Amino acid sequence: MANFSSRFLPLISALLIAIAAHAEMSEKRMAAIIAKYDVADMVMNAPDAGSFWIMLQMTNHDYHRVAKSLAGNGDRDIKRDLIGVLSECHNYFTNVPTRPEAYTLMESLADSMGIRSTSPLVSFSVTDEPDMALFGYPNGYIFMTGALYDEIRADTLATTALLASEAAHYALQHAYAHSKWEKSRKRRQRFWRILGASALAATSVVADVASDGYVPADIGVAAAVLVAASPIERRYTMHYSPRQILEADIVAYRFMQWATGSGDSYIRALQLAGNDIDATSGFEGPDYPTVAERVALLRYMRDNPQLRDKVRANSIRAKKVDSYFNIFSPANFAGAK
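Calculation criteria
Residues numbered from 1 in each chain as written. Predicted model: local features only at pLDDT ≥ 70, side-chain atom pairs only at ≥ 80, totals over all residues. Heavy atoms only, no water. Pairing = 2+ DSSP bridges. Helix = DSSP H or I, 4+ residues; strand = E, 2+ residues; numbered from the N terminus. Axes fitted to C-alpha atoms, helices over the stretch in contact; angles between N-to-C directions. Expected span 1.5 Å × (residues − 1). Bend = angle between axes of the 7 residues up to and from the residue. Buried < 20%, exposed > 50% of the residue type's maximum accessible area, 1.4 Å probe, protein only. 1 Å grid on protein atoms, 1.4 Å probe; cavity = no way out; pocket = protein on both sides within 12 Å on 5 of 7 lines; lining within 4 Å. Points joined across faces, edges and corners; volume = space filled by probe spheres on them. Core = buried A, V, L, I, M, F, W, Y, C linked by side-chain atoms within 4.5 Å. Contact = heavy atoms within 4.5 Å. Salt bridge = Lys/Arg side-chain N within 4 Å of Asp/Glu carboxyl O. Phe/Tyr/Trp six-rings, centres within 6.5 Å; stacked < 30°, edge-to-face > 60°.

Visitor: For this particular structure, what's the right way to read the sheet that holds strand β2 (residues 134–136)?
Guide: As a general point, the strands of a sheet are linked pairwise by backbone hydrogen bonds and lie either parallel or antiparallel. Read from one edge of the open sheet, three strands run β1-β3-β2, paired in mixed fashion. On the outer flanks of this sheet lie β1 (123–127) and β2, each paired with one strand and no other. For this sheet, the mean inter-axis angle between neighbouring strands, taken without regard to orientation, is 20°.

Visitor: Is there a simple way to explain helix α6 (residues 76–95) in this structure?
Guide: Since the α-helix advances by 3.6 residues per turn, residues separated by three or four positions end up pointing in the same direction. Its 20 residues give α6 an end-to-end C-alpha distance of 29 Å, which sits within 8% of 28 Å, the value for a rise of 1.5 Å per residue. The sharpest bend along α6 comes to roughly 40°, located at Cys89. Among the residues of α6, Ile78, Lys79, Asp81, Leu82, Ile83, Gly84, Val85, Leu86, Ser87, Cys89, Tyr92 and Phe93 are the ones counted as buried.

Visitor: I tried to follow empty space enclosed by the protein on my own but got confused; where do I start?
Guide: A probe matching the size of a water molecule, rolled over the atoms, marks out where space remains unfilled. On inspection of all chains with the given rule, the structure shows four cavities of 30 Å³ or more. Looking at the second largest cavity, its volume works out to about 60 Å³. Around the second largest cavity, the lining residues are Gly136, Tyr137, Pro138, Ile142, Glu166, His169, Tyr170, Gln173, His174, Ala175, Met238 and Tyr240. Listed by contribution, the elements that provide at least two residues to the lining of the second largest cavity are α9 (156–171) and α10 (174–184). Examining the composition of the lining of the second largest cavity, we find that three residues originate from one element, α9, more than from any other.

Visitor: Which parts of the structure should I look at to understand the nonpolar core?
Guide: Grouped burial of nonpolar side chains is what soluble globular proteins tend to show. With 67 residues, the main nonpolar core has Trp53, Met106, Phe124, Leu162 and Tyr266 as its most contacted residues. The element that contributes the greatest number of residues to this core is α9, accounting for nine residues. The residues contacting Met106, other than those within four sequence positions of it, are Phe124, Ser125, Val126, Tyr149, Thr159 and Leu163. The next biggest cluster of nonpolar side chains, apart from the first, holds 27 residues, and it includes Leu70, Ala133, Phe135 and Tyr141.

Visitor: Would you mind showing me how to read helix α13 (residues 242–260) here?
Guide: With 19 residues, α13 extends 27 Å from end C-alpha to end C-alpha; this agrees with the ideal 27 Å at 1.5 Å per step. Count one or two residues on from α13 and you reach Gly261, which has phi positive near 95°.

Visitor: Can you walk me through the pattern of salt bridges in this structure?
Guide: Note that side chains of opposite charge can pair when their charged atoms are close. For the structure on display, the rule yields 15 salt bridges. Of the charged contacts, one joins Asp75 and Lys180 as a salt bridge, the two residues approaching to 2.8 Å between their closest N and O atoms. A residue pair is termed long-range when its members are at least 10 positions apart, and Asp75 in the loop between α5 (61–71) and α6 and Lys180 in helix α10 qualify at 105 residues. For Asp75, a relative accessible area of 17% gives the class buried. Classification of Lys180 as partly exposed rests on a relative accessible area of 27%. Here Arg294 ties to Asp249 by a salt bridge, and the two come within 2.7 Å at their closest N and O atoms. Of this pair, Arg294 sits in helix α15 (residues 291–303) while Asp249 is found in helix α13, placing the two residues 45 residues apart along the sequence. Linked by salt bridges that have partners in common, Asp38, Asp41, Arg254 and Arg308 make up one network.

Visitor: Any chance you could explain the packing of aromatic side chains here in plain terms?
Guide: Aromatic ring pairs: the centre-centre distance and the angle between the two ring planes describe each pair. A complete count under the given rule lists 14 aromatic pairs for this structure. Judged by centre distance (5.2 Å) and plane angle (80°), the rings of Phe52 and Phe255 are edge-to-face. Here Phe255 lies in helix α13 and Phe52 lies in helix α4 (residues 49–58), a separation of 203 residues in the sequence. Relative accessible area serves as the criterion here: at 0%, Phe52 is assigned to the buried category. Members of the aromatic cluster, each reached through a chain of ring pairs, are Tyr92, Phe93, Phe135, Tyr137, Tyr141 and Phe143.

This is the structure in structure tokens:
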């Protein structure tokens, strides 16, 4: 135990220093983020859950660009790389142990939340893994680990709220959009190949000590080394940009507000499990929002309803999204080389 402590104490110290140095978002910045990424009024007036996600796509400029790219012949390198990553994930998809007692609830939520209106392939699963994590893929496969499921005590409202944030990442194809952004900046590192192999000892320490979500990359590497012999299939997680994380938070809050009359259930779920999720997510860098900042943004949005008047999506005329062939269907990645 002493060897473990001496090995990871410098990393944990660096983590705490980074957290302390992380500047809080100003009200001006929060107002600008909300104006840019809040959903349109028409989304909040959706007649049913399925329409919520379709209307979200129809009023989102970034998603229109993504759909146009997916429908066209360009960006073949991005498509090839993402299909390759999904191919490497195939063993995980088919072999990861799952919680059978959660199957009925997950299927019910996938239907009742309406996210299958965007693709019938969307699925929610609870895996029998020991770390606390929530993650999804561009093919619509969304996973919650058993440890996180236990942490929120299998509470249906909290589970729905957390799944809504991953549903937002999927509905807006954030992984694909992020790869296009990275390509435009000529930063062609394989950012999506962040090893998400379950965080046992190292990230358990991080989760206990950390008050927010910034995790230096070397801690994640150390955790991956510690679990290299784990019998659970390796998993890879998509890497989203800081603004995509905040956008998904806002969408999840609005979805819960639409569904229940209040988005506070998402805030509570984020407070309950957010630190653990961030500690195992692979997000890195001081530009990534902390859990405290994410919660502060949502509370500021809740407490200042007048900000709805400045939401840019309200000025967007709902537009049909370009239809495209689903390149992320299992037929395209299962067994791909």
